[in-house]
Amino acid sequence: MDFIPLNKLHAIYRAFKNIIIEIIVRKKYLSSLMMFMRLLFRVIAIQPIQDNILSLSKEETALNLKSCFLFVPNGKHGKDPLYDVKSKKVKDTFLRLKRNGFEIGVHYSFLSCSKEGGIQDEYNLLSDLVGPITTSRQHYLNVQLPYLYSDLQKTNINCDMSMAYTPIMG
């Protein structure tokens, strides 16, 4: 599970983006209307939009599943999520996930691969907070060689899901 919004403004932005995708790309007008109504109801009822990690982990535990939740440790680009991995809320989320046996992985930021050592820096930042990390994914496949591979070799990553999304790198 990646790109999880952890504040209300970002959750509303992501919901509207998904609704637009449903309308324009998929031409699913009824499902987009239902998504909009659910969003509107949550905003009006002042129900929490952001804590989908808790609800997802409860659902998966009931089904005897355990996902790897991927977090962006250093989101400073407009395409990165709006949360701080050092905040109390995110640290509490890490503790809850670890306590319940879920894996935490690193979802590198958009600019992580733009300089040598960027991936390693983000890996170190997140692993200092959550312990050993073995799973990763490169954000938006913003890959620059050889930094991706040379940096990954310097980490404890043994499962990288980046390359599975496109037959052409980048």
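See the structure printed just above.
Along each chain, the written sequence defines residue order, and numbers are assigned to residues from 1. For this predicted model, a pLDDT threshold of at least 70 governs which residues receive local features, and a threshold of 80 or more governs which side-chain atom pairs are given and counted, while totals over whole chains, interfaces and linings are taken from all residues. Calculation of side-chain values draws on the structure's entire complement of heavy atoms; hydrogens and water are dropped beforehand.

Chemist: How would you sum up the overall build of the protein chain? Please name residues and give values.
Modeler: Of regular secondary structure, the protein chain possesses six helices and four strands. Comment: elements are numbered from the N terminus, with helices defined as DSSP H or I runs of at least four residues and strands as E runs of at least two. Listed N to C, the secondary structure of the protein chain is α-α-α-β-α-β-α-β-α-β in terms of helices and strands. Each residue's exposure class comes from its accessible area (1.4 Å probe, protein chains only) as a fraction of the maximum for that residue type: buried when under 20%, exposed when over 50%, partly exposed otherwise. Here the protein chain holds 170 residues, and the buried ones make up 37% of them. Once local pairs closer than 6 in sequence are excluded, the contacts in the protein chain between residues at least 24 apart make up 69%. Of the roughly 10,000 Å² of accessible surface on the protein chain, 60% is carried by carbon and sulfur atoms. Whether two residues touch is decided by their heavy atoms; if any such pair falls within 4.5 Å, the residues are in contact. Per-residue and other accessible areas were derived by the Shrake-Rupley procedure at a 1.4 Å probe size, with only the shown protein chains allowed to occlude residues.

Chemist: Explain a nonpolar patch on the surface residue by residue, including any values.
Modeler: Exposure above 30% relative accessible area and no salt bridge define the residues that can form patches, which grow by joining like charges within 9 Å and nonpolar side chains of Val, Leu, Ile, Met, Phe, Trp and Tyr within 5 Å. What counts as a salt bridge is simple: a side-chain nitrogen of Lys or Arg found within 4 Å of a carboxyl oxygen of Asp or Glu. Taken together, the side chains of Phe16, Leu30, Leu33, Met34, Phe36, Met37, Leu40 and Ile44 define a hydrophobic patch exposed on the protein surface, amounting to about 780 Å² of accessible area. Sort the elements by how many residues they give to the nonpolar patch and helix α2 (residues 29-44) lands first, with seven residues.

Chemist: Please give an account of the pairing of strand β1 (residues 68-71) that cites residues and values.
Modeler: Along β1, one buried face is formed by Cys68 and Leu70 and the opposite face, lined by Phe69 and Phe71, is buried too. Between β1 and its parallel partner strand β2 (residues 103-107), the chain crosses via helix α4 (residues 88-99), and the hand of that crossover is right-handed. Crossovers are marked right-handed if the path from the first strand over the helix to the second runs clockwise, as seen with the strands pointing away from the viewer.

Chemist: Now, about the side chain of Glu22: what can you tell me, with residues and values included?
Modeler: The residue Glu22 is located in helix α1 (residues 8-24) in this model. When its relative accessible area of 10% is taken as the criterion, Glu22 is described as buried. The residues touching Glu22, leaving out its near neighbours within four places in the chain, are Lys27, Lys28, Ser31, Ser32 and Met35.

Chemist: I'd like a description of the nonpolar core, backed by residues and values.
Modeler: Remark: nonpolar core denotes a set of buried residues (Ala, Val, Leu, Ile, Met, Phe, Trp, Tyr, Cys) joined through side-chain atoms within 4.5 Å. Counting residues in hydrophobic clusters, the biggest one holds 23 residues, and the most contacted among them are Phe71, Phe94 and Leu126. Elements that contribute at least two residues to this core include exactly β1, α4, β2, α5 (118-130) and α6 (147-153). With four residues, the single largest contributor to this core is α5.

Chemist: An account of the packing of α4 against α5 is requested, with residue identities and associated values reported.
Modeler: Axis angles are defined between N-to-C directions and span 0 to 180 degrees, where every axis is a line fitted to C-alpha atoms and, for a helix, only to the segment in contact. Contact geometry for α4 and α5: axes closest at 10 Å, N-to-C directions at 65°. The orientation of α4 with respect to α5, classified from their angle, is roughly perpendicular. Contact with α4, carried on its side by Lys91, Phe94 and Lys98, involves Leu126, Leu129 and Val130 of α5 and no other residues of that element. Three classes are used, and their members are as follows: Ala, Val, Leu, Ile, Met, Phe, Trp, Tyr, Cys and Pro are nonpolar, Asp, Glu, Lys and Arg are charged, and the others, Gly among them, are polar. Split into classes, the residues belonging to the contact of α4 with α5 amount to four nonpolar, no polar and two charged. By the definition adopted for this analysis, an angle is roughly parallel if under 35 degrees, roughly antiparallel if over 145, roughly perpendicular if from 65 to 115, and oblique otherwise.

Chemist: Describe the sheet that holds strand β4 (residues 159-160), and please don't skip the residues or the numbers.
Modeler: Strand order in the open sheet made by the four strands is β1-β2-β3-β4, with parallel pairing throughout. With one partner strand each, in any of the chains shown, β1 and β4 form the two edges of the open sheet. For two strands to pair, DSSP has to find at least two bridges joining them. The pairing of β2 with strand β3 (residues 135-137) spans two bridges and is classified as parallel. Across the sheet, residue Val106 finds its bridge partner in β3, namely Ser136. Running over the sheet, α5 touches β1 and β2 and is turned about 160° from β2.

Chemist: Please set out the state of the cysteines residue by residue, giving values where relevant.
Modeler: The disulfide definition used here is simple: a pair of cysteine sulfur atoms within 2.5 Å. Going through the model one piece at a time under the given rule, you end up with zero disulfides. This cysteine, Cys68, is not joined by any disulfide, and Cys159 carries the nearest cysteine sulfur, 7.6 Å off.

Chemist: Which residues make up the packing of aromatic side chains, and what values do they have?
Modeler: Two aromatic rings from Phe, Tyr or Trp, using only the six-membered ring of Trp, form a pair when their centres are within 6.5 Å; if the ring planes differ by under 30 degrees the pair is stacked, by over 60 it is edge-to-face, and anything between is tilted. Under the definition given, this model contains three aromatic pairs. Taking the centre distance of 6.1 Å and the plane angle of 50° together, the rings of Phe16 and Phe36 count as tilted. Note that Phe16 is positioned in helix α1 and Phe36 in helix α2, a separation of 20 residues in sequence. Here the aromatic rings of Phe71 and Phe94 are separated by 4.9 Å at their centres, their planes lie at 90°, and the arrangement is edge-to-face. Here the residue Phe71 occupies a position in strand β1, and Phe94 occupies one in helix α4, the gap between them amounting to 23 residues.

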